[in-house]
Amino acid sequence: MSKPKPFAISKEVVWEAYQRVRANKGAAGVDEQSIAEFEQNLKGNLYRIWNRMSSGCYFPPPVRMVEIPKKSGGVRTLGVPTVSDRVAQTVVKLYLEPVVEPVFHPDSYGYRPGRSALQAVGVCRERCWKRDWVIDLDIKNFFDSLPWDLTLKAVTHHTDQKWILLYVQRWLAAPLQREDGSLVARDRGSPQGSAISPLLANLFLHYCFDSWMVRTFPGVWFERYCDDSVVHCRSERQARFIRDAIARRLAECGLELNEAKSHIVYCKDDDRRGSYEQEQFDFLGYTFRPRRSKNRWGKYFVNFTPAMSNAAGKAIRHEIRTWRINMRSDKTLEDLARMFNVIVQGWINFYGRFYKAQMYPTLRHINEYLVRWARRKYKRLKHHDRHARQFLAAVARREPGLFAHWRVGLRP
């Protein structure tokens, strides 16, 4: 008779964790093992994870460090755990998330089941119409600065499962490994890219920010998507007071308000007179600012509303360039549609929700690449830009649903 394990962890939960990791895909960690390679001995690998976690002897390997350039300069450090470690982290998430999820604030939207960035943008838009001032908050290097002691205190408050606390401690302390193999020790933070980090971040910020806001400033609206937050105020004076209070609160919790990126914004529209230094802000890929809109009677007015940000448009145009559509003369139009429609439809679904006209000039770039593709593929069109456009326009009339952006009227 086998000796019982110190910790009762369900094999079914380990299997569910693997299914989620597989669905999320992701790169290999420091062991260079892909998901496909992990699956070559799937049963053995999953048993090993369950056995070690149940025995209390699971120790996470280092996390592969990847540096991504920031648009504003500098780099953002991401951590890529191994496939096995992502499965183990997801096991803990599956046990911990149902316990903490009911406690979270309704205006916390990031990385939560049934909640989305678009919901946060929609609620923010409505509240900007009702309150004149906004605090656009940015926490300096949040994931690199997350205090371990307060994070573990929050986890302990919600579970008496010692193994959950044990493994959270080990994941927080796991070193980063550079590309040259050298290790980077840490004494705070939780790597972006790990399966458990978003849940730990939400749990920490629930106590650091959400609950504190409810106690200290009842009736003040806010939306938070992980570490990205917007607070709505009735006056500039109130906004300044609350911003300073938030800065002190973050300092108490071991964090720092990024003064250079945190702004007080005036939500200017036709009914709000005067001007202010800041009259726009970015939130979740959307820029909120005064825009010319048309009401149901056809009358134009200025409305403070979100639309796809310039930064998002620039990123999409860069992605489209990397596809090198014009160089794929070996492909048919149907091939190109199959290759890229899912991605383009995702952009349309997200950035087309609010003020979708802002998105159209960016997606029209696809047509320009298709024209160049046609000129390269067909000799009769090689030196005739106008004829290539007429050719594509004829295809679009016959098959208006072939490309995702054609379906919303962006035909050649």
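The rules behind these values
Residues numbered from 1 in each chain as written. Predicted model: local features only at pLDDT ≥ 70, side-chain atom pairs only at ≥ 80, totals over all residues. Heavy atoms only, no water. Salt bridge = Lys/Arg side-chain N within 4 Å of Asp/Glu carboxyl O. Helix = DSSP H or I, 4+ residues; strand = E, 2+ residues; numbered from the N terminus. Buried < 20%, exposed > 50% of the residue type's maximum accessible area, 1.4 Å probe, protein only. Contact = heavy atoms within 4.5 Å. Axes fitted to C-alpha atoms, helices over the stretch in contact; angles between N-to-C directions. Parallel < 35°, antiparallel > 145°, perpendicular 65-115°, else oblique. 1 Å grid on protein atoms, 1.4 Å probe; cavity = no way out; pocket = protein on both sides within 12 Å on 5 of 7 lines; lining within 4 Å. Points joined across faces, edges and corners; volume = space filled by probe spheres on them. Nonpolar A, V, L, I, M, F, W, Y, C, P; charged D, E, K, R; others polar. Pairing = 2+ DSSP bridges.

### A closer look at the pattern of salt bridges
Inference 1: Under the definition given, this model contains 17 salt bridges.
Inference 2: The closest approach of N and O atoms between R249 and E252, which form a salt bridge, is 3.6 Å. Taken as a pair, R249 and E252 lie in helix α10 (residues 236-252) at a separation of three residues, close to a single helical turn.
Inference 3: The exposure class assigned to E252 is exposed, which follows from its relative accessible area of 58%.
Inference 4: Of the charged contacts in the structure, one is a salt bridge between R338 and D335, with a shortest N-O distance of 2.5 Å. With R338 and D335 both in helix α12 (residues 333-351), this residue pair falls three residues apart, about one helical turn.
Inference 5: Its relative accessible area of 61% is what places R338 among the exposed residues.

### So, the side chain of S145
Inference 1: By secondary structure assignment, the location of S145 is in helix α6 (residues 142-145).
Inference 2: Residue classification places S145 among the buried residues on the basis of a relative accessible area of 16%.
Inference 3: Those residues in contact with S145 that sit more than four places away from it in its chain are K140, R188, G189, G254 and L255.

### Here's the deal with the packing of helix α11 (residues 310-323) against α12
Inference 1: As a packed pair, α11 and α12 sit with axes 12 Å apart at the nearest point and diverge in direction by 170°. Between α11 and α12, the angle is such that the two are roughly antiparallel. Residues A312, I316, E319, I320 and W323 of α11 form the contact with α12, whose participating residues are F340, I343, V344, W347 and Y351.

### Let's talk about the layout of surface pockets
Inference 1: In this structure, the second largest pocket occupies an estimated 550 Å³ of space.
Inference 2: The wall of the second largest pocket is formed by 26 residues, among which N24, Y111, S194, A195 and P198 lie closest to the centre.
Inference 3: Listed by contribution, the elements that provide at least two residues to the lining of the second largest pocket are α1 (11-24), β2 (75-80), α4 (83-100) and α9 (197-216).
Inference 4: By residue number, the principal contributor to the lining of the second largest pocket is α4, which donates four residues.
Inference 5: Of the residues assigned to the lining of the second largest pocket, the class counts are eleven nonpolar, eight polar and seven charged.

### Considering the sheet that holds β2
Inference 1: Overall, mixed pairing links the four strands, which are arranged β2-β1-β4-β5 in an open sheet. Where the open sheet ends on each side, the last strands, each with one partner, are β2 and β5 (183-184).
Inference 2: Inspection of the sheet shows strand β1 (residues 63-69) paired to β2 by six bridges, in the antiparallel sense. In the strand pairing of β2, E67 is matched with T77.

### So, the pairing of strand β6 (residues 222-225)
Inference 1: Here β6 shows no split at all, with F222 and R224 on one side and E223 and Y225 on the other all buried.
Inference 2: The pairing of β6 with strand β7 (residues 228-233) spans four bridges and is antiparallel. By the bridge assignment, F222 is partnered in β7 with V231.
Inference 3: Linking β6 to β7, which pair antiparallel, is a turn of two residues; within it C226 sits at a positive phi near 55°.

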